[in-house]
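Read off the chains here:
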Amino acid sequence: MSSILVFIVGAALLIYSAEKLISYLVGAAAGLRVSAFLLAIIFTGIEFDDVAFGVALNLEDLSGVALGTVFGTAISMIGVVLALAAIISPGRVDVPRRYLVLFAAAPLVMIPFVVFGPLTPRYGVPLILLFVLFVGYVASQELRKDTPLFRDARVLETQQAGRGRTGGGGAGVDPPTSRPPFVVTMPFDRARPIPGWAAIGLAVVALAGLIVGAAMTSAGTAGILADYRIQGALFGATLATLVLTLEDVFLTVEPARRGASEIGIANVIGSVVFGVTGKLGIILLAGGSIVVDDEVLSWHLPVLVGMTALAAYFLHTRRLRRWHGFLLLALYVAYWAGSFTMFGEAPLDAD
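All values reported here derive from a predicted model rather than from experimental measurement.

1. Observations regarding the overall build of the protein chain
Move 1: Along its length, the protein chain carries 15 helices and two strands.
Move 2: A total of 351 residues make up the protein chain; the buried ones form 53% of that total.
Move 3: The contacts in the protein chain between residues at least 6 apart in sequence include a share of 87% that link residues at least 24 apart.
Move 4: Taken as a whole, the protein chain presents about 15,000 Å² of accessible surface, with 67% of it coming from carbon and sulfur.

2. A closer look at the nonpolar core
One recurring pattern in soluble globular proteins is that nonpolar side chains are buried together.
Move 1: With 71 residues, the main nonpolar core has L119 and I269 as its most contacted residues.
Move 2: For I269, the residues in contact, after removing those within four places along its chain, are I41, V95, L100, F103 and F134.

3. Section: the side chain of T120
Move 1: Within the secondary structure layout, T120 lies in the loop between α6 (111–115) and α7 (124–144).
Move 2: Since its relative accessible area comes to 13%, T120 is described here as buried.
Move 3: For T120, the contacting residues outside a window of four places in its chain are L284 and S289.

4. Focus on the packing of helix α14 (residues 294–316) against helix α15 (residues 322–343)
Move 1: Interhelical geometry of α14 versus α15 gives an angle of 180° and a closest axis separation of 11 Å. Looking at the two axes, α14 sits roughly antiparallel to α15. Counted together, E295, W299, H300, V303, M307, L310 and F314 of α14 and W323, H324, L327, L328, L331, Y332, A334, Y335, G338, S339, M342 and F343 of α15 form the full contact between these two elements.
Move 2: The residue inventory of the contact of α14 with α15, partitioned by class, reads 14 nonpolar, four polar and one charged.

5. A closer look at the confidence of the model for the protein chain
Move 1: For the protein chain, per-residue confidence averages 75 on the pLDDT scale, and 65% of positions sit at 70 or higher.
Move 2: Of all secondary-structure elements in the protein chain, the lowest mean pLDDT belongs to helix α9 (residues 158–166), at 41, while helix α5 (residues 97–105) reaches the highest, 95.
Move 3: Across residues 147–191 the pLDDT falls below 50, and counting only partners more than four positions away or on other chains, this stretch makes 76 contacts in the model.
Move 4: Confidence drops under pLDDT 50 across residues 345–351; counting only partners more than four residues distant or on other chains, this segment forms eight contacts.

6. Notes on α7
Move 1: Taking 1.5 Å of rise per residue, 21 residues should cover 30 Å, and α7 covers 30 Å from first to last C-alpha, within 8% of that figure.
Move 2: For α7, the full list of buried residues reads G124, L127, F131, F134, V135, V138, A139, Q141 and E142.

7. Some thoughts on helix α4 (residues 63–88)
Within an α-helix, residues lying three or four positions from one another point in the same direction, as the helix has 3.6 residues per turn.
Move 1: Taking 1.5 Å per residue, 26 residues should reach 38 Å; α4 reaches 36 Å between its end C-alpha atoms and fits that length.
Move 2: Along α4, the largest kink reaches about 35° and is centred on M77.
Move 3: Among the 26 residues in α4, 22 count as buried, and that is most of the element.

8. What about a nonpolar patch on the surface?
Move 1: On the surface, L108, I111, V115, F116 and L297 cluster together into a nonpolar patch covering about 440 Å² of accessible area.
Move 2: On the secondary structure map, L108 appears in the loop between α5 and α6.

9. Focus: the packing of aromatic side chains
Move 1: One pass over the structure, following the stated rule, counts nine aromatic pairs.
Move 2: Between the aromatic rings of F131 and F274, the centroid separation amounts to 4.9 Å while the plane-to-plane angle is 70°, which identifies the pairing as edge-to-face. With a gap of 143 residues between them, F131 in helix α7 and F274 in helix α13 (residues 261–287) connect regions that are remote in the sequence. Here F131 and F274 have matching classes, each one buried.
Move 3: A centroid spacing of 5.9 Å and a plane angle of 15° characterise the contact between W299 and Y335, whose relative ring orientation is stacked. With W299 in helix α14 and Y335 in helix α15, the pair connects residues that are 36 residues apart, well separated along the chain.
Move 4: Members of the aromatic cluster, each reached through a chain of ring pairs, are W299, Y332, Y335 and W336.
Move 5: A cation sits over an aromatic face here: R98 above Y99, 5.4 Å from the ring centre.

10. Quick word on the environment of E60
Move 1: Mapped onto the elements, E60 comes out in the loop between α3 (48–59) and α4.
Move 2: Sequence spacing of E60 and A219 is 159 residues, and the spatial spacing of their C-alpha atoms is 8.2 Å.

11. Considerations on the packing of α4 against α14
Move 1: Closest axis-to-axis distance for the α4/α14 pair is 10 Å, and the angle between their directions is 30°. Relative to α14, the element α4 is oriented roughly parallel. Of the two possible hands of crossing, α4 and α14 adopt the one that is left-handed. In this structure, α4 contributes L67, F71, A74, I75, I78, G79 and L82 to the contact, and α14 contributes V296, H300, L301, V303, L304, M307, T308 and A311.
Move 2: Grouping the constituent residues of the contact of α4 with α14 by class yields 12 nonpolar, three polar and no charged.

12. A word on the pattern of salt bridges
Move 1: Evaluated as defined, the whole model comprises one salt bridge.
Move 2: For D94, the salt bridge is made with R318, and the minimal N-O distance between the two is 2.3 Å. Of the two residues, D94 sits in the loop between β1 (91–92) and α5 while R318 sits in the loop between α14 and β2 (319–320), which places them 224 residues apart along the sequence.

Scoring rules and cut-offs
- Residues numbered from 1 in each chain as written.
- Predicted model: local features only at pLDDT ≥ 70, side-chain atom pairs only at ≥ 80, totals over all residues.
- Heavy atoms only, no water.
- Helix = DSSP H or I, 4+ residues; strand = E, 2+ residues; numbered from the N terminus.
- Buried < 20%, exposed > 50% of the residue type's maximum accessible area, 1.4 Å probe, protein only.
- Contact = heavy atoms within 4.5 Å.
- Areas by Shrake-Rupley, 256 points an atom, 1.4 Å probe, with all protein chains shown as cover.
- Core = buried A, V, L, I, M, F, W, Y, C linked by side-chain atoms within 4.5 Å.
- Axes fitted to C-alpha atoms, helices over the stretch in contact; angles between N-to-C directions.
- Parallel < 35°, antiparallel > 145°, perpendicular 65-115°, else oblique.
- Nonpolar A, V, L, I, M, F, W, Y, C, P; charged D, E, K, R; others polar.
- pLDDT = per-residue confidence, 0-100.
- Expected span 1.5 Å × (residues − 1).
- Bend = angle between axes of the 7 residues up to and from the residue.
- Patch = residues over 30% accessible without salt bridge, like charges linked within 9 Å, V, L, I, M, F, W, Y side chains within 5 Å.
- Salt bridge = Lys/Arg side-chain N within 4 Å of Asp/Glu carboxyl O.
- Phe/Tyr/Trp six-rings, centres within 6.5 Å; stacked < 30°, edge-to-face > 60°.
- Lys NZ or Arg CZ within 6 Å of the ring centre and 35° of its normal.
- Left-handed = near helix turned anticlockwise from the far one by under 90°.

Dropping the structure here:
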């Protein structure tokens, strides 16, 4: 029972610290007029909590769970986060097709790494470079255009424009039937700006909390695996990653509900691409080699490839519909059911 409590407390601290870290980092960069889509890719797509958790797991010789979180979080970003966004706030999305091609192709880059022998630290650098190239490409596309996609002037400053329209009286007031101005609350909030140096200092504090939370969650995971004898990759791909997904549900569904679905979509795309490239690369460099189990090749990887391709197709239609969300969520439930049915009783490795 104590291991479950440690896991819950550590996961709560991890999620809270990750949310604060994202907020403070974005606050420190609020003065820069850069693409909000690019900011979302970097500050929400790069899963600081997932990286810390995965590294801690691999250092604790729980490499199966660490690899499971790579697949589990990527699949849950589509089957839970994107699904809920479509169910709660269906509507038009406008993501360039070239980004969607990279999104759909991202899981495919894992195939040569997981097929040929164990994952070793020498794969870490090329995996990280792949994510750097992805971010560099998005940045080059966003910064070269006259009207960059999802620029912060379109989203972050809408709040200021809304105040200007509603201030005063008479002709300056929006009619009652008009759409209320979009107010950003997380993670791109400029309503309560703080000095850049203060934001950086708070980010360091949040990072420390994230590391402590990851260590506690890893220790709790080890206890749960020992107490209940759940197969490592299964636990990492399902139960552990469900906790890590809660933050992303908030960061995707809430912007979509408030009329800025593009920020949430950037979170999904960035998280999936980062998870299968940069995140895995960092875990390997920091924690060492990972042996790839048979179920990764026969189950987790094919599911990830298929769901990513389906999500890319839905986004390609330029409109998220509720049935898109229900279908993705149903597929995710089927993934859970299949995982527990096929691998739930698999014994732990002796080590």
